[in-house]
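Results of the structural survey
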Amino acid sequence: MDSGNHTEFVLEGLSETRELQVLLCILLLIFYIIILPANFLIIVTILKDRQLGAPMFFFLGNLAFMDICYSCVTPPKMIVNFFSGCQTISFKGCLTQLFFIHFLGGAEIYLLISMAVDRYVAICHPLHYVTIITKPVCWALVVTAWAGGFTHSIIQVIIILPLPFCGPNKLKNFFCDVTQIIRLACTNAYNLEFAMFINSGVVTAGCFVLLLISYGALLIKVRTGASQGKTKASSTCITHIIIVFIMFGPAIYLYCHPFRDFPFDKMVGFLHIVVFPLMNPMIYTLRNKEIKVAMWRLLKNRNI
C-alpha cells in the first residue's frame, strides 16, 4: 500500500457495538441541533449589538467561529460512514481532516493566549487599555492566531506526506490523527513520534501552564486590588480558566502520552473534537450578563 496510490484507511469508529454507535450518533445530532445554532446566535449578537464592541467580545466571536469550524471537521464524515456502512477514508481525505483539526486547534490555542493578553492589559493597565488594545491590534492578534495554527498544522502534513504505507491500514479511532497514522507507516517512526510529541504535546502543555500562571497572577491582583470592577474581572478570569481547562485538558491527554492506545482515547477524543468546542462559547455566554442581555434584546427585536 503506497501513500501516492490513493491509499485508503479504515476508521474503526466510536465503538464496535452498532447499538452504541446508533446512540452516540443520535446524541450527536441532538447536540448539534441545539448547540450549533446557539453558537451562531452568539456571533450574530456580537456583530449586531454596538454595546458589545469591546475587544473581549471581538475575541469571543472569533472563538465561537473557530469552535464551530473545529467541531464540523470530523462529525460529518463520521455520520456519513455510519449511515452508509462504509468505514473507509482516502489518504487525501485523512490528511485534510488531520490538517484542519490541527489548524483550527492550534489557532484556538493562540487565540486563547491573545485573550489572556487582553485581560492582562485590562486589569494591569486599565488607564492605557483603550490605547494599547486597539482594533488593528485585535485584528493582528487574530491573524497571528490563524497563522500560528496554519504553521503548526502544515508541519504535521509535511512530515506525514512522504511516509510509505504498505501494511495494516486500520485506524483505531473515529477520525484521522497524527498519533494513529504514524504507527501505520512502514518505517522506523521513533524520530517522527518524538517530533510530533514536541510539536503537539510539549507545546500544548507549555501554553497550558503559562496561561494558568498568568490567570492565577491576574486573579491574585484582582483580589488584592481596588474593589471597583473586582467581581466582574474575577468572573471573567475564572471563565477563561474554565475554557483553558476544557480546551487543553483533553489535548494534553491525547498528545502527551506515548503513541500507543489507552482505554479512554476514543472518549477523550470525542469530547475534545466534537463536544467541548461548541461548549466553550456557551460557557462564556452563560457567565457574562452583557451577552445574555444583548442576545435577549436581539431575539426580542426580531420577535423570535
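Residues numbered from 1 in each chain as written. Predicted model: local features only at pLDDT ≥ 70, side-chain atom pairs only at ≥ 80, totals over all residues. Heavy atoms only, no water.

Within an unreviewed UniProt entry, the label attached to the protein reads Olfactory receptor, and the organism entered is Thamnophis sirtalis. A UniProt comment under Sequence similarities (unreviewed entry) is attached to the protein, and it reads "Belongs to the G-protein coupled receptor 1 family." (UniProt positions renumbered as here; feature names shortened; annotations may be inferred.)

This part takes up the state of the cysteines. In a disulfide, the sulfur atoms of two cysteines are covalently bonded to one another. Scanning the entire structure with this criterion turns up one disulfide. Across the disulfide, C94 is cross-linked to C176 (sulfur-sulfur distance 2.0 Å). Around the S-S axis, the bridge from C94 to C176 shows a dihedral of about -120° and counts as left-handed. Placement of the pair is C94 in helix α4 (residues 91-124) and C176 in the loop between β3 (170-171) and α7 (178-184), with a sequence separation of 82 residues. Note on C124: no disulfide assigned, nearest cysteine sulfur contributed by C237 at a separation of 9.1 Å. Its sulfur unpaired, C207 is 11 Å from the next cysteine sulfur, which belongs to C256. (Disulfide = S-S within 2.5 Å. Helix = DSSP H or I, 4+ residues; strand = E, 2+ residues; numbered from the N terminus.)

What follows covers the nonpolar core. One finds L111, L112, M115, Y215, F248, F270 and V274 to be the most contacted residues of the largest nonpolar core, which totals 65 residues. For M115, the contacting residues outside a window of four places in its chain are F59, L63, Y215, H240 and Y284. Ranked by size, the runner-up nonpolar core spans 27 residues in total, among them L11, F91, F103 and L163. (Core = buried A, V, L, I, M, F, W, Y, C linked by side-chain atoms within 4.5 Å. Buried < 20%, exposed > 50% of the residue type's maximum accessible area, 1.4 Å probe, protein only. Contact = heavy atoms within 4.5 Å.)

Another aspect to go through is the UniProt feature "transmembrane region" (unreviewed entry) in the protein. Look at the UniProt record and you will see "transmembrane region" (unreviewed entry) annotated at residues 20-44, 56-79, 99-117, 137-161, 197-220, 232-255 and 267-286. Helix makes up 96% of residues 137-161 and strand 0%, whereas the separation of the span's terminal C-alpha atoms amounts to 36 Å. The span residues 197-220 is 100% helical and 0% strand by assignment, and the distance between its end C-alpha atoms comes to 33 Å.

Of the two faces of strand β1 (residues 8-11), only one is covered, namely that formed by F9 and L11; the face formed by E8 and V10 stays uncovered. The pairing of β1 with strand β2 (residues 88-90) spans three bridges and is classified as antiparallel. From the neighbouring strand, F9 faces β2, where its bridge partner is I89. (Pairing = 2+ DSSP bridges.)

What follows concerns the environment of V274. With respect to the helices, strands and loops of the structure, V274 is situated in helix α10 (residues 265-286). Judged by its relative accessible area of 0%, V274 is buried. Measuring from C-alpha to C-alpha, the distance between V274 and C72 comes to 7.7 Å, with 202 residues separating the pair along the chain. Once residues lying within four places of it in the same chain are set aside, the contact partners of V274 are L28, F31, Y32, S71, P75, F174 and G269.

As a further point, take the packing of aromatic side chains. Tallied over the full model, the rule gives 16 aromatic pairs. Aromatic rings pair up to connect F65, F99, F100, F103, W146 and F150 into one cluster. (Phe/Tyr/Trp six-rings, centres within 6.5 Å; stacked < 30°, edge-to-face > 60°.)

This part covers the layout of surface pockets. The computed volume of the second largest pocket comes to approximately 460 Å³. Along the walls of the second largest pocket sit 19 residues, with I46, L47, F57, F58 and W139 positioned nearest its centre. Elements with a minimum of two residues in the lining of the second largest pocket: α1 (18-48), α2 (55-71) and α6 (135-160). The dominant element in the lining of the second largest pocket, judged by the number of residues it contributes, is α2, at six residues. A per-class count over the lining of the second largest pocket returns eleven nonpolar, four polar and four charged. (1 Å grid on protein atoms, 1.4 Å probe; cavity = no way out; pocket = protein on both sides within 12 Å on 5 of 7 lines; lining within 4 Å. Points joined across faces, edges and corners; volume = space filled by probe spheres on them. Nonpolar A, V, L, I, M, F, W, Y, C, P; charged D, E, K, R; others polar.)

A word on empty space enclosed by the protein. A probe as big as a water molecule, rolled over the atoms, marks out the empty space that is left. For the coordinates displayed, the defined rule picks out two cavities of 30 Å³ or more. One number sums up the size of the second largest cavity: a volume of about 30 Å³. Residue lining of the second largest cavity: D67, Y70, E108, I246, M247, H272, F276, P277 and N280, and that is the complete set. Per-element accounting of the lining of the second largest cavity gives the leading share, four residues, to α10. For the lining of the second largest cavity, the class distribution of residues is five nonpolar, two polar and two charged.

To continue, consider a nonpolar patch on the surface. On the surface, a nonpolar cluster with roughly 670 Å² of combined accessible area is contributed by V22, I26, L29, I30, I33, I34 and F83. It is α1 that contributes the most residues to the nonpolar patch, six residues altogether. With respect to the helices and strands, the residue I33 is situated in helix α1. (Patch = residues over 30% accessible without salt bridge, like charges linked within 9 Å, V, L, I, M, F, W, Y side chains within 5 Å. Areas by Shrake-Rupley, 256 points an atom, 1.4 Å probe, with all protein chains shown as cover. Salt bridge = Lys/Arg side-chain N within 4 Å of Asp/Glu carboxyl O.)

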